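Structural overview for review
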Amino acid sequence: MFEKIALIGIGLIGSSIARAIREQKLAPHVAISTRSQATLDKAEELGLGDSYSVDPTVVVQDADLVIICAPVGAYEAIGKAIASHLKPGAIVSDVGSVKEHVVKALQPHLPDNVHFIPGHPISGTENSGPEAGFASLFEGKWCILTPVEGTDQTALDKLTALWRAFGSDVEIMDAKHHDMVLAITSHVPHLIAYNIVGTADHLESVTKSEVIKFSAGGFRDFTRIAASDPEMWRDVFLTNKEAVMEMLGRFSEDLSMLQRAVRFGDGEMLEELFTRTRNIRRSIIDAGQETDAPDFGRHVPTPEEAEKEA
């Protein structure tokens, strides 16, 4: 499908892409760059690529496809660095979970003779690093592409085919709309998780209670979300501020209504809300985005899979 694919960043998503490329035989050469020599050494030890460099300008040379898998706060610097080294006709994409910022950070620096197509695979776990990835991460998940105005259709079709080869369903979406949708489905839930886990930690240290020891399933789910990559999520909130603040405002209004229902014993309102939200959970399962399995549908590699990936 491609002769050479360059990956800038080799954490959970980048290493999963590298493994999926290998498994599906989508490119004979995968070039990997990351800013940390130790991380690069780990990627090489795992055999994730064919060439490696801490200098992104080296790995993008002659690449047909460049996928930026770094925290979105680093995009502008990466774009400036690689711009003059890109092959004419190359596709430049990314995996960031915000898209308007990505367009603003990258598009002004990229030459006119490359195809810039931002992307966002809606996949992940709370783990990070090159050893955390697995080839099946994207199977049955959505990948949203947000092509800019004037995008070449052939390039878009080629990138779409890549993600479908990974097992993803592909949706084309406007960048601004993407950021609003992800603010409520991903960004605000993460912010709430970080906050409630931080509150529990504070309560335990202040009251000498056993909040953590006796955590129930709901809280454990919050801790899983709150264990996500701190640097990545810091950049998400700093670069999708407008959409997150709007959704937080709506959430706060709904939370106030819920607070009043509890205070005044409005059981009918509580039951109606809980019934409606349970139905939403069922619709997510029916859509194939989650399962009823005890692991809540999150992939835990078997020993055989882990040995194969290593």
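In what follows, the structure referred to is the one given above.
Per-chain numbering applies: the sequence of each chain, read as written, is numbered from 1 onward. Selection of residues for local features in this predicted model requires a pLDDT of at least 70, selection of side-chain atom pairs for listing and counting requires 80 or more, and totals for whole chains, interfaces and linings are taken over all residues. The side-chain figures draw on all heavy atoms in the structure; neither hydrogens nor water molecules are used.

On to the sheet that holds strand 9 (residues 169-172). Think of a sheet as strands paired side by side through backbone hydrogen bonds, with each pair either parallel or antiparallel. In space, the three strands of this open sheet follow the order 7-8-9, with mixed pairing throughout. The strands lining the two open edges of the sheet, one partner per strand, are strand 7 (119-121) and strand 9. The average angle at which neighbouring strand axes cross in this sheet is 20°, direction not considered. Note on pairing: DSSP must find at least two bridges between two strands before they are called paired. Put simply, DSSP H or I for four residues or longer makes a helix, DSSP E for two residues or longer makes a strand, and each gets a number counted from the N terminus. The pairing of strand 7 with strand 8 (residues 142-145) spans three bridges and is antiparallel. Following the sheet pairing, Gly 119 is matched in strand 8 by Leu 145. The convention used is that axes are lines fitted to C-alpha atoms, helices contributing only their stretch in contact, and that angles between N-to-C directions extend from 0 to 180 degrees.

Before going further, it helps to spend a moment on the nonpolar core. Counting 37 residues, the largest nonpolar core has Ile 17, Leu 162, Trp 163 and Phe 166 as the members making the most contacts within it. Among the secondary structure elements, those contributing two or more residues to this core are strand 1 (4-8), helix 1 (12-24), strand 2 (29-33), helix 2 (37-45), strand 4 (65-68), strand 8 and helix 6 (153-165). The element contributing the most residues to this core is helix 1, with six residues. We call two residues contacting when some pair of their heavy atoms lies within 4.5 Å. Not counting the four nearest positions on each side in its chain, Leu 162 is found in contact with Met 1, Phe 2, Ile 5, Leu 26, Leu 65 and Ile 67. Here, nonpolar core means buried Ala, Val, Leu, Ile, Met, Phe, Trp, Tyr and Cys residues that are tied together by side-chain atoms lying within 4.5 Å of each other. The classification of residues rests on relative accessible area computed with a 1.4 Å probe and restricted to protein chains. Under 20% of the type maximum is buried, over 50% is exposed, and intermediate values are partly exposed.

Expected span, for any helix, means 1.5 Å times one less than how many residues it has. Relative to the 18 Å expected for 13 residues at 1.5 Å per residue, helix 6 spans 18 Å between its end C-alpha atoms, a close match to the ideal helical length. Buried within helix 6 we find Ala 155, Leu 156, Leu 159, Thr 160, Leu 162 and Trp 163. In an axial view of helix 6, the angular spread of the buried residues amounts to 155°, which keeps them on one side of the axis. Residues of helix 6 that are exposed and point more than 90 degrees away from the buried face comprise Thr 154 and Arg 164. Think of a polar contact as two N or O atoms within 3.5 Å of one another; within protein, one of them needs to be a possible hydrogen donor and the other a possible acceptor, and neighboring residues in sequence only count if both atoms come from side chains. The N-cap residue of helix 6 is Asp 152: its side-chain oxygen and the backbone nitrogen of Thr 154 are 3.2 Å apart. Looking at the residues trailing helix 6, positive phi occurs at Gly 167, about 100°. When we speak of the arc, we mean the arc of directions from the helix axis to the C-beta atoms.

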